[in-house]
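Observations on the three-dimensional arrangement
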Amino acid sequence: MNEIFNKPYNSKLVEEKIYSLWEKSGFFNPDNLLLTKVKSQKSKVKSFSIIMPPPNANGSLHLGHALMIALEDIMIRYKRMAGFKTLWLPGADHAGFETQIVYDKIIEKEGRSRFEIPREKLYQEIWDFTQKNKAAMENQIRRLGASCDWSREKFTLDADIVSKTQDAFIKFYKDGLIYRGKRLVHWCVKHQTGFSDVEIVHEESQNPLYYIKYGPLVVATVRPETIFGDTAVAVNLKDKRYKNLIGKEIEVDVVIAKLKLKVIADEFVDPIFGTGAVKITPAHDFNDFEIWQRHKNEIEGPREVINKYGKMNLVRHFPDSAEVKKYEGLKILEARKLIIEDLEKRGLIKKIDATYKHNVAKCYKCGTTIEPRLMEQWFIKMAPLAKPAIEAIKSGKIKFIPENFKKIYFHWMKNIRDWNISRQIVWGIRIPAWYHELKCIPRAGHEDKVVKCKEIIISKTEPKCEFCDAKFTQETDVFDTWFSSGQWPFLALGYPDLKEYKNFYPTDVMETGWDILFFWVARMIMLGLYRAGKIPFKNVYLHGLVRDSYKQKMSKSKGNVINPIEIVEKYGADALRMALIVGNTPGTDLAFSEEKVKGYKNFANKIWQASRFVLINTADSNEKAKKVKLTQNDKKRLKEFEALKKKITKQMELFKFYIAAEEIYHYFWHTFCDKIIEEMKPRLNNDNQNDKIAAQYILMEILKGSLKLLHPFMPFITEEIYQHLQLDDKKLLIIEKW
RNA sequence: GCGCGCUUAGCUCAGUGGUAGAGCGACUCGUUUACACCGAGUAGGCCGGGGGUUCGAUACCCUCAGCGCGCACCA
């Protein structure tokens, strides 16, 4: 017996060595698995595939990643052992906006700003930054034991991915599903980019509600500084108080000017709220924008009085006003304070309700109040995409684990709105649209045709106008990173040509956190159905968030973030994996405790010691030829183990890894170690050779079988021990038959 | 406002139409040569409240309460 067994199990001596053994074997690659197949299996091999959610290449892994790796690796190892042609495709995500702001912070510390660095230079810098992170991250994934096929690894900015993402945009555009429109967009003043609906969060806050004298009316608002952008006042048609005012024009004193505004009637207005009269600011409020659209013919359109920096921009609208200058350039809150003072001086503030609570939209990343801003952006029409995506779940083609996420999915899908995919950052895939730089410069002989020049050309390369010499400039916006991520399952597999795509799409499982159900999972379903014409995956396994032991969200600001690699160093990857898996039901957040990991480190040692015992006591069992005469009890033990194997296999098929892991843990410790080994001890010292052989046989059989059942969960230690067993036809445990 | 959950042993959580389970923790005993990173035991729960269905409910239905979460255009 190897002397390594003379000491307690030391994961550090084992894990690195074993991982490189696996990697060298080539068995992570499904193509090599075929060679090892039993010859009798002539018929097509069943395949099993998972695309790894590519971790962001902008930092190191967190425990959520460790959970993801553990779950997916369990499925993969199980299926590989069960004889499937198994592909787990790893990747890394450029993570557009997320990485942009990580990098912003880095250069801020250096006293630089992304807004002052030339686009190409900044892009190159971030590229280098992500490549460095990517390499570090890959090693961390290895440390966790991931048996993924590194030879197929993809990055979300690989040339083919970029090109195909742009192709998708072009197709969507041609199909009339993408449009460019000047609309109100969620704008983060700090990050200087627009967002889609899912990048904002609503937060309850208490802000004074000001009742302002408004010509003959009184209106209530929390944003008095937008009064300069008012273009109408709305009431409800049924509101008797204001019936005679509808259609009339009123004069409103807004300090810097007197506005002539029309009173309109709109369903939206709730007569009970406030005064029943609403000031309409189409440029700075989503409702008001919609009201304007319904009353386009009656009232003036949006007047933008706040600029992209969240500062007042009034002079251009009110050049003749004497008062305007003191407002110009003020930040929103400063302007609010000043306008209230000025209105108060004029006796125009009727009431202030200081108890008013409402929900305010914030940037999901920095918490800055979102400023609705009028912008030309690219949108995808979602309703046509949502319909089949709802159907795919309803029909059961795609299953959710746990099931209750279906309801949340439906609720979101049914209320879906068009998706703003433009981002005003440099880190990402550039939108393949081009604009005329100048007015048309007619080419000789085409003077009459110039009117036909298109303003926008959709093309991956710089277009040339048929009739004129004007140059084109490329769209500076990049895609929302989720637009490309949403196509990841088929793009990573080389859609539409590669055999990988044909063999492995749709994939079997998409395993990810429930927190990106809308960001990612929903989009993959919609885009996969539309672009590839097929569902992207058959099962969606949604794991919970890993929180600290007090169930607090881990965050850098709280200082409770745990680095999974440090845990691996301390307790071993196998122990960490078990701690993340056992008792962790899908969809439920996990309270992570180091104590639990410690417990499974002890378990690893238990496996080690039990194996040591078996190795010591079977060392002399080289008389393999001898028949084994099993006792009644031996047979019972083997039967018991078969039953366990069945049970665990069933749990694996049902994605109940949290139970399967516990079952094998419990069996190994409390049946194999506590009972069976104890039962065998006297027999091993017995003079009766037959009985001794039987005891040795039982020990070895059950140890071997247990190592297999344990392997998906605790791959390192099981492989290490397996390599020390003296067996005929021994292969690597990763490819042994389940 | 619309929607989704959760409430089971001190803690973290499983679970099932037949009167409760695991891990950790606590306590007692034990140094028996695989393992003290151990073993043998013990204690601990009207399964949130109320009502209903049922021969029988922790589990199914209704309702109340507390907690958590998602979505959302009430100025």
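See above for the structure.
Reading guide: rules and limits
Here the residue index of a chain counts from 1 through its sequence in written order. Whichever chain is written first becomes A and whichever ligand is written first becomes 1, with later ones labelled in order. The model is predicted, so local features are restricted to residues of pLDDT at least 70 and side-chain atom pairs to those at 80 or more, both for listing and for counting; the totals for chains, interfaces and linings are taken over all residues. No hydrogens and no water enter the side-chain calculation; it runs on all heavy atoms of the structure. Patch membership needs two things, relative accessible area over 30% and no salt bridge, and members are linked within 9 Å if like-charged or within 5 Å if nonpolar (Val, Leu, Ile, Met, Phe, Trp, Tyr). Methods summary: accessible areas were calculated by the Shrake-Rupley approach with a probe of 1.4 Å, and residue burial reflects only the protein chains presented. The salt bridge definition used is simple: a Lys or Arg side-chain nitrogen within 4 Å of an Asp or Glu carboxyl oxygen. His is not counted, nor are the chain ends; Lys and Arg add positive charge and Asp and Glu add negative charge. Charge positions are represented by NZ for Lys, CZ for Arg, CG for Asp and CD for Glu. Numbering goes from the N terminus for both helices and strands, where a helix is a DSSP run of H or I of at least four residues and a strand is a run of E of at least two. Between the rings of Phe, Tyr and Trp (Trp by its six-membered ring), a pair exists once the centres lie within 6.5 Å; its type follows the angle of the planes, with under 30 degrees stacked, over 60 edge-to-face, and the other angles tilted. Exposed residues in this analysis have more than 50% of their type's maximum accessible area, buried residues have under 20%, and partly exposed residues fall in between, with area computed by a 1.4 Å probe over protein chains only. Cation placement over rings: the criterion is NZ of Lys or CZ of Arg within 6 Å of the ring centroid and within 35° of the ring normal. Note on geometry: axes are C-alpha line fits, over the in-contact stretch for helices, and angles between N-to-C directions span 0 to 180 degrees. The cut-offs work like this: below 35 degrees is roughly parallel, past 145 is roughly antiparallel, 65 to 115 is roughly perpendicular, and the gaps in between are oblique. Here is the rule for handedness: rotate from the far helix to the near one, and if that takes an anticlockwise turn smaller than a right angle the crossing is left-handed, while a clockwise turn gives right-handed. By definition, residues are in contact when any of their heavy atoms lie within 4.5 Å. Only Asp, Glu, Lys and Arg are considered charged, only Ala, Val, Leu, Ile, Met, Phe, Trp, Tyr, Cys and Pro nonpolar, and every remaining residue, Gly among them, polar. A pair of strands is labelled paired if DSSP reports no fewer than 2 bridges between them. Crossovers are described as right-handed under a simple rule: with the strands pointing away from the observer, the path leading from the first strand over the helix to the second runs clockwise. Proximity is defined per residue: if any heavy atom of the residue lies within 4 Å of a molecule or strand, that residue is considered near it. Polar contact criterion, stated in full: a pair of N or O atoms within 3.5 Å, where within protein one must be able to donate a hydrogen and the other to accept it, and residues adjacent in sequence count only if both atoms are side-chain atoms.

On the surface, Lys105, Lys109, Lys190 and Lys556 cluster together into a positively charged patch. Within the secondary structure layout, Lys105 lies in helix H4 (residues 96-109).

Moving on to the packing of aromatic side chains. Tallied over the entire structure, the rule returns 44 aromatic pairs. On the basis of an interplanar angle of 55° and a centroid distance of 5.7 Å, the ring pair of Phe641 and Tyr667 is categorised as tilted. Within this pair, whereas Phe641 is found in helix H18 (residues 632-653), its partner Tyr667 is found in helix H19 (residues 657-684), the two being separated by 26 residues in sequence. In terms of burial, Phe641 and Tyr667 fall into one category: buried. Following the ring pairs from residue to residue traces out a cluster consisting of Phe169, Phe172, Tyr173, Trp378, Trp419, Phe479, Phe483 and Tyr530. The ring of Phe84 carries Lys79 above its face, with NZ or CZ at 4.3 Å from the centroid.

The next thing to look at is the packing of H19 against helix H20 (residues 689-710). Put simply, H19 and H20 touch, their axes get as near as 10 Å, and they point 165° apart. Taken together, the axes of H19 and H20 lie roughly antiparallel to each other. The chirality of how H19 crosses H20 is left-handed. Residues Ile664, Tyr667, Phe668, Phe672, Ile676, Ile677, Met680, Arg683 and Leu684 of H19 touch H20, and the partners they reach there are Asp691, Lys692, Ala694, Ala695, Gln696, Ile698, Leu699, Ile702, Leu703, Ser706, Leu709 and Leu710. Of the residues belonging to the contact of H19 with H20, the class tally is 16 nonpolar, 2 polar and 3 charged.

Let's shift gears to the pairing of strand E25 (residues 537-543). With respect to burial, E25 is a largely interior element, 6 of its 7 residues being buried. Pairing geometry for strand E17 (residues 399-401) and E25, over 3 bridges, is parallel. Of the residues in E25, the one forming a bridge with Lys399 is Asn539. Bridge count between strand E24 (residues 507-513) and E25: 6 bridges; the pairing is parallel. Note that in E25 the partner of Glu511 across the bridge is Tyr541. For the crossover that starts at E24, traverses helix H14 (residues 517-532) and ends in the parallel E25, the hand is right-handed.

With that out of the way, let us pick up the pattern of salt bridges. Any two side chains of opposite charge can pair, so long as their charged atoms come close to each other. As enumerated under the stated definition, the model contains 54 salt bridges in all. Here Arg183 and Asp418 are joined by a salt bridge, their closest N and O atoms 3.6 Å apart. Remark: Asp418 occurs in the loop between helix H10 (405-414) and strand E18 (419-420) and Arg183 occurs in strand E5 (residues 178-188); sequence separation between them is 235 residues. Given the relative accessible area of 28%, Asp418 is considered partly exposed. Between Lys326 and Asp342 there is a salt bridge; the shortest N-O distance is 2.9 Å. Residue Lys326 is located in the loop between helix H7 (286-294) and helix H8 (332-345), and its partner Asp342 is located in helix H8; the two are separated by 16 residues in the primary sequence.

Bringing the protein's contact with RNA strand B into the picture now. In the vicinity of RNA strand B lie 43 residues, with Asn287, Tyr356, Lys551, Thr585 and Trp669 positioned nearest. Close to the protein, within 4 Å, the atoms of RNA strand B are drawn from sugar and phosphate at a rate of 63%. At a separation of 2.3 Å, a sugar or linking oxygen of RNA strand B approaches a polar side-chain atom of Asn287. Separating a phosphate oxygen of RNA strand B from a side-chain N or O atom of Tyr658 is a distance of 3.2 Å. Counting residues per element, the ones that place at least two in the surface near RNA strand B are strand E15 (357-363), H10, helix H17 (594-618) and H19.

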